[in-house]
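So you can see what is in the structure, the chains are spelled out below.
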Amino acid sequence: MSVLLTGGLGYIGSHTAVELLQSGEDVVVIDNLSNSNIKTKTNIKKIASEKRKISAKNFKVYIGDLRDTNLVEKIFTENKIDSVIHFAGLKAVGESVKKPLEYYDNNINSTLSLLKAMNKFKVKNLVFSSSATVYGQAKSMPIYEDFEVGATNPYGRTKLFIEEILKDAYAADSTLNIAILRYFNPIGAHDSGLIGEDPNGIPNNLMPYISRVATGRYDHLNIFGNDYNTHDGTAVRDYIHVVDLAKGHLKALKKLRKNCGLQIYNLGTGVGYSVLDLVNAYNSVCGNKVKYIFAPRRPGDVDICYANVDKAKKELGWTAKRNLKNMCKTSYNFECKKSKLK
Ligand code: NAD
Ligand code: WQD
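Just so you know, these numbers come straight off a predicted model, no measurement behind them.

S.K.: Just checking my understanding: could you explain the site of ligand 2 for this structure?
M.R.: Near ligand 2 lie 18 residues; those nearest to it are Ser131, Tyr155, Asn222, Arg237 and Asp301. A distance of 2.7 Å separates an oxygen atom of ligand 2 from a polar atom in the side chain of Ser131. A distance of 3.0 Å separates an oxygen atom of ligand 2 from a polar side-chain atom of Asn185. Looking at the shell around ligand 2, the element that brings in the most residues is strand E8 (residues 221-224), giving four residues. When grouped by side-chain class, the residues that make up the shell around ligand 2 number nine nonpolar, six polar and three charged.

S.K.: Mind showing me how you'd approach the nonpolar core here?
M.R.: Proteins that are soluble and globular tend to have nonpolar side chains buried together. In terms of nonpolar packing, the biggest core is built from 37 residues, with Leu5, Val27, Phe59, Ile85, Val127 and Leu181 touching the most fellow members. Leave out the neighbours within four places in its chain, and Phe59 touches Leu21, Val27, Val29, Lys41, Ile44, Lys45 and Ile54.

S.K.: What exactly am I supposed to notice about the pattern of salt bridges here?
M.R.: Side chains bearing opposite charge may pair, as long as their charged atoms lie close to each other. Enumeration over the complete set of coordinates arrives at 21 salt bridges. Here Glu197 and Lys91 are joined by a salt bridge, their closest N and O atoms 3.4 Å apart. Of the two residues, Glu197 is situated in the loop between strand E7 (185-187) and helix H7 (206-214) and Lys91 in the loop between strand E4 (81-86) and helix H4 (93-98); the sequence distance between them amounts to 106 residues. We classify Lys91 as partly exposed; its relative accessible area is 40%. One continuous salt-bridge network, built from bridges that share partners, spans Asp198, Arg212, Glu335 and Lys338.

S.K.: How do you make sense of the confidence of the model for the protein when you look at a structure like this?
M.R.: Any segment with low pLDDT has predicted coordinates that should not be analysed in fine detail. With 99% of its residues at a pLDDT of 70 or more, the protein has an overall mean of 97. No element of the protein has a lower mean pLDDT than H4, which averages 94, and none a higher one than strand E1 (residues 2-6), which averages 99.

S.K.: Even after reading the chapter, I still don't get the side chain of Asn308, so can you show me in this structure?
M.R.: The residue Asn308 is located in the loop between strand E13 (292-295) and helix H10 (310-316) in this model. Of the residues examined, Asn308 reaches a relative accessible area of 9% and is grouped as buried. Separated by 3.3 Å, the side chains of Asn308 and Tyr144 make a polar contact. Once you skip the residues sitting within four places of it in the chain, Asn308 turns out to touch Pro142, Ile143, Tyr144, Glu145 and Asn266.

S.K.: Can you walk me through the sheet that holds E1 in this structure?
M.R.: Strand pairing within a sheet occurs via backbone hydrogen bonds; the two strands may be parallel or antiparallel. Spatially, E3-E2-E1-E4-E5-E6-E11 is the arrangement adopted by the seven strands of the open sheet, whose pairing is parallel. On the outer flanks of this sheet lie strand E3 (59-63) and strand E11 (262-267), each paired with one strand and no other. In this sheet, neighbouring strand axes are inclined to one another by 15 degrees on average, regardless of whether the strands run parallel or antiparallel. Packing of helix H1 (residues 11-22) onto the sheet brings it into contact with E1, strand E2 (26-31), E3, E4 and strand E6 (177-183), and relative to E1 it is tilted by some 170 degrees.

Conventions used here
- Residues numbered from 1 in each chain as written.
- Chains lettered and ligands numbered in written order.
- Predicted model: local features only at pLDDT ≥ 70, side-chain atom pairs only at ≥ 80, totals over all residues.
- Heavy atoms only, no water.
- Near = heavy atom within 4 Å.
- Polar contact = N/O pair within 3.5 Å; in protein donor to acceptor, adjacent residues only side chain to side chain.
- Helix = DSSP H or I, 4+ residues; strand = E, 2+ residues; numbered from the N terminus.
- Nonpolar A, V, L, I, M, F, W, Y, C, P; charged D, E, K, R; others polar.
- Core = buried A, V, L, I, M, F, W, Y, C linked by side-chain atoms within 4.5 Å.
- Buried < 20%, exposed > 50% of the residue type's maximum accessible area, 1.4 Å probe, protein only.
- Contact = heavy atoms within 4.5 Å.
- Salt bridge = Lys/Arg side-chain N within 4 Å of Asp/Glu carboxyl O.
- pLDDT = per-residue confidence, 0-100.
- Pairing = 2+ DSSP bridges.
- Axes fitted to C-alpha atoms, helices over the stretch in contact; angles between N-to-C directions.

Here is the structure:
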């Protein structure tokens, strides 16, 4: 039996593919390469092969779009899929405001295509990549899974709508097992430096921008806002190492296989760090190469956002292990390898 990863060549999908393969699972990927590179396939195989011999039977990649129902049916016909982890989607908040229809089409229709095929082929287990963005402006911190939801942009609304679709699908078929994972701020890279986050164009997110300043691609970082109500005036987030996050998916899969019904879990560390905390940690590993200036607040940003992670700890037996310094160190290592500075 195999686990199907939609968007499995992307940032979080590739790290999860490695963890799954290394733990003895067989993995099938579908990815349309809209935000990834085919070289990642080779790198996943290379890393996983250090622990286990990986053949074409253990790891298969289909290049194509999840909305292509013929291709999706072919994948379910050619492989014995036991569970699906659904990462595929567009994820840039700003872009979603400019191109809402593209976001609704890609994120919602690909999910419908997947759910129809799962229904046809009687595949019952699904992990879905949701986001802390569904909490919008939370009423207090930390954020619990039962907090009110309400997204503030089209990207966030696709996540909210998909969560609702999954709840309806479960209401109609209680033999489904669905884990909705609401990620906080994933950063960091694999220890090998072979896979990590490498967005096309100018990064919107903080960590890839910092990495490019550290390796000389950009002159300085703009820190958006230093007048927030936080310990140093810069905004606070719950940064989580992508390898910890990937391991969380394996725990969720284990839970699904015990017939858990529909469950929602926050995946974060439960600790908030400011933009300046992150910059300082990064500077301690790269030798003070990250210059910054303070700039106005970015519209739509909240001052503080961090998770309560008790539910994942209690029910999945999962907690994040890696600290901020390790997140910075692995990001820097990945960026240096990419830029061939080391
Ligand atoms: P990513 O862009 O690196 O990976 C997504 C992958 O899906 C890419 O490889 C892309 O090519 C592929 N893809 C997109 N649309 C597709 C389609 N229609 N058919 C086939 N493949 C398609 O993003 P990521 O950071 O790895 O995020 C994975 C998931 O987690 C996304 O759903 C994202 O919304 C969610 N998420 C990400 C973050 C984050 O900060 N990275 C936070 C919360 C939630
Ligand atoms: C973090 C902090 C910025 C860039 C986003 C999505 C969310 C989720 C994770 C998908 C903020 C500041 C940033 C820069 C800066 N993704 N910043 N200078 O906004 O918390 O969350 O990614 O689901 O949905 O909204 O992450 O990395 O963009 O920003 O000062 O050049 O860094 O203002 O305070 P965010 P981020």
